[in-house]
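So you can see what is in the structure, the chains are spelled out below.
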Amino acid sequence: MYQLDIVLKKGSNLAIRDRTGTSDPYVKFKIAGKEVFRSKTIHKNLNPVWDERVSLHVETLRDPLYVKVFDYDFGLQDDFMGSAYLYLESLEHQRTQDITLDLKDPQYPEHDLGSLELGVTVSPREGDVRDSTMLLRRNWKRSSKYQSMRLSDVHRKAQLWRGIVSISLIEGHGLQPMDANGLSDPYVKFRMGHQKYRSKTIPKTLNPQWREQFDFHLYDEQGGFVDITVWDKDAGKKDDFMGRCSIDLSLLGKEHTHKLDLPLEEGDGVLVLLVTLTASAAVSISDLSVNMLDDPHERLQITQRYNLWRSFHNLKDVGVVQVKVIRAEGLMAADVTGKSDPFCVVELSNDRLQTHTVYKNLNPEWNKVFTFNVKDIHSVLEVTVYDEDRDRSADFLGKVAIPLLNIQNGERKAYALKSKELTGPTKGVIFLEIDVIFNAVKAGLRTLIPIEQKYIEEEPRVSKQLLLRNFNRVRRCIMFLINTGCYINSCFEWESPQRSVCAFVLFVIVVWNFELYMIPMALLLPLAWNYILIASGKDTRQDVQAVEDLLEDEDEDFDKDDKRPKPGPWEESCDKNHILEDMLASWHFEWIRTMVDSERKGFMNKLYAIQDVCISVQNALDEVASYGERIKNTFNWTVPFLSWLAIVALGVATIVVYFIPLRYIVLAWGVNKFTKKLRDPYTIDNNELLDFLSRVPSDVQVVQYRELKLDPNPSPNRRKKNNPG
């Protein structure tokens, strides 16, 4: 094993890929065809400064480091800007070397695409390379089957994390003013290796209060660095850099919360953080012959660990899920040979593991077992099949999303693969066997805390179809309210005498006998009514079909893989522009060109501002529609666990309000609110109702999580339409 420490310093004279005469470059590192690092994007700069560091563990130095540079295009396919190889065998050990890589295009090697500057250190690693699956259960040592595991140690160790780094971003003090009003709109970016988080933006303040919590996976037992940058949000133009700082995790003790006051470099102010390092939760990869739940003794121990008597012990450990990835059949051919090189990625929230690659096969067999710790029973298990491509990013072949609460334990099942956005079928099926063991009380309590945020993977995109879909969803919610209002108004208008008489009698009885406890009790009535209808075979959940119709034609708009495009007319025009610039030597033409460039920049800034507004409107419509649909789906028993939880909560509320006077309830609420910051100055506020609703799927998610019926003979047109590759 070797440790490879790389500092991506800067780029020089990179290629022009945007019409403004600049580029938005970012860098990818690959080893043996696998992406191991992606840098941040530097906007509108041909001489970007990244100053990012990454530590990698490699088994051999024979595989070179493949460095690729891309231009990020908002809502479009990213453009290739050049690549280079760094041959690790030629590097001296235990010494940092400054290296300059000249970027080239393999198809046009004579083109000068600029260079990258790196600092590289190669260090041999001594010590323990035992199988990382021993993290799951120490008594696996007793199993003779353990010795037969064929998955390589290095492959597993590259995926399995050794601990969790929990970071609470509390507040900032004395930040640098970046806007004309003497204030800023700060947000914070965190990066640890390939893991990234971004905080919310706090508008118009130099002393922001974020109160957000993030979790990172810790892969290196010795620690690592968390890089932190602070930015000022600017609508319609590039965000302003406000400072940076970093955390050296090797200096922090484990199983203890550390309060850190970090001064910002290259800026003003201080960030206040709480950082906790904890041991790793249960996670493992093994062959099909070695898995814990097939052992009756192991299964009994795990079942006892999550029984009701241990409901209040370690509330974060809700349960465990075991996924057997057996095989796939009838996959799409992604290579020109009519074959594919498929591998499978299994994700649960931010936990991600993958199988090995089966080369040149459309019916691969993996026979691997993945084990994850469950922190939220409402998480969705995502299984994605990719085609490995050594020269570019992996090609998407298909995907399924399975909510943990929908899993039937021990059932080996064939799932039809879906498109990237989970809105339609693609070619192939995958065979899985899944087991979930969890504690229902812990799962219910965890429902009332904020949902875990996903890693930042890609920027939001403007989509006409998505904007129209969200608008139609909001319109359906508004029409429901309007129809309800019209129904009530019809009672006042006596359009139906029988209905108006019944409504009048009900109104008099309720108002005359009204008590506060009747409000939560009234909310129990539609839950009970819908439960009776569903139990009698009358499904009330028919509105999802309208959303399914909206989604059926959207696959192709989101299918933009990270592929290098062939040189087109724009690249040729770039060369012509260089020749033209050499000819325009006189000051007169230079002045004209400067005026044109300034007009172009002004136009592009306006375009970016319009895109920001469109994204804000698109997201706002989605949020409004989602909350309306989630309320409806709670009462419709879309997720029975959540509907039962709502019944319990409303029942408790009814009893409390019935027996305890309202003034005592309000007094207790007020005392808690006023003293919360005194009792815990760094507490993270949350709204339990919104946290509950965030677990209820919207209509779009219901369609995405719905299993497709297996179709043995899909039509060629249907295949082509939903073919993401």
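An unreviewed UniProt entry annotates the chain as Multiple C2 and transmembrane domain-containing protein 1 isoform X7 of Betta splendens.

**Q** So what's going on with the environment of serine 83? Residues and values would help.
**A** Structurally, serine 83 is set in strand 6 (residues 79-86). Linking serine 83 and proline 106, residues 23 residues apart in sequence, is a C-alpha distance of 8.1 Å. What serine 83 contacts, discounting residues up to four positions off in sequence, is Tyr66, Val67, Lys68, Asp102, Leu103, Lys104 and Pro106.

**Q** Describe the sheet that holds strand 14 (residues 240-248), and please don't skip the residues or the numbers.
**A** The antiparallel open sheet is built from 4 strands, whose spatial order is 11-10-13-14. Two strands lie at the open edges of the sheet, namely strand 11 (195-198) and strand 14, each paired on one side alone. When the angles between neighbouring strand axes are averaged without regard to direction, this sheet yields 15°. In this structure, strand 13 (residues 225-232) lies alongside strand 14, joined through 8 bridges in antiparallel fashion. If you follow threonine 229 over to strand 14, its bridge partner there is arginine 244.

**Q** With reference to specific residues and values, describe the packing of aromatic side chains.
**A** This structure, assessed with the given rule, holds 17 aromatic pairs. Plain terms: the ring middles of tyrosine 66 and tyrosine 85 are 4.5 Å apart, the flat faces sit at 10° to each other, and that makes the pair stacked. Linking tyrosine 66 in strand 5 (residues 65-71) with tyrosine 85 in strand 6, this pair joins segments that are 19 residues apart in sequence. You can call tyrosine 66 buried: its relative accessible area is 9%. An aromatic cluster of three or more residues is present, and its members are Phe190, Tyr197, Phe214 and Phe216. Just above the ring of phenylalanine 225 sits the side chain of arginine 53; from NZ or CZ to the centre is 5.1 Å.

**Q** An account of helix 4 (residues 464-493) is needed here, citing residue identities and associated values.
**A** Compared with the 44 Å implied by 1.5 Å per residue over 30 residues, the 42 Å span of helix 4 between its first and last C-alpha is a close match. Regarding helix 4, the residues found buried are Leu466, Arg469, Asn470, Asn472, Arg473, Val474, Ser490 and Cys491. Looking one or two residues beyond helix 4, the residue adopting positive phi is tryptophan 494, at roughly 55°.

**Q** Now, about the packing of helix 4 against helix 5 (residues 497-512): what can you tell me, with residues and values included?
**A** Each pair of packed helices gets described by two things: the angle between the helix axes and the distance between those axes. In the contact formed by helix 4 and helix 5, the axes pass within 8 Å of each other and the chain directions differ by 95°. Between helix 4 and helix 5, the crossing angle belongs to the class labelled roughly perpendicular. Mapping the contact onto sequence places Tyr487, Ser490 and Cys491 in helix 4 and Arg499, Ser500 and Ala503 in helix 5. Partitioning the contact of helix 4 with helix 5 into residue classes produces 3 nonpolar, 2 polar and 1 charged.

The rules behind these values
Residues numbered from 1 in each chain as written. Predicted model: local features only at pLDDT ≥ 70, side-chain atom pairs only at ≥ 80, totals over all residues. Heavy atoms only, no water. Helix = DSSP H or I, 4+ residues; strand = E, 2+ residues; numbered from the N terminus. Contact = heavy atoms within 4.5 Å. Pairing = 2+ DSSP bridges. Axes fitted to C-alpha atoms, helices over the stretch in contact; angles between N-to-C directions. Phe/Tyr/Trp six-rings, centres within 6.5 Å; stacked < 30°, edge-to-face > 60°. Buried < 20%, exposed > 50% of the residue type's maximum accessible area, 1.4 Å probe, protein only. Lys NZ or Arg CZ within 6 Å of the ring centre and 35° of its normal. Expected span 1.5 Å × (residues − 1). Parallel < 35°, antiparallel > 145°, perpendicular 65-115°, else oblique. Nonpolar A, V, L, I, M, F, W, Y, C, P; charged D, E, K, R; others polar.

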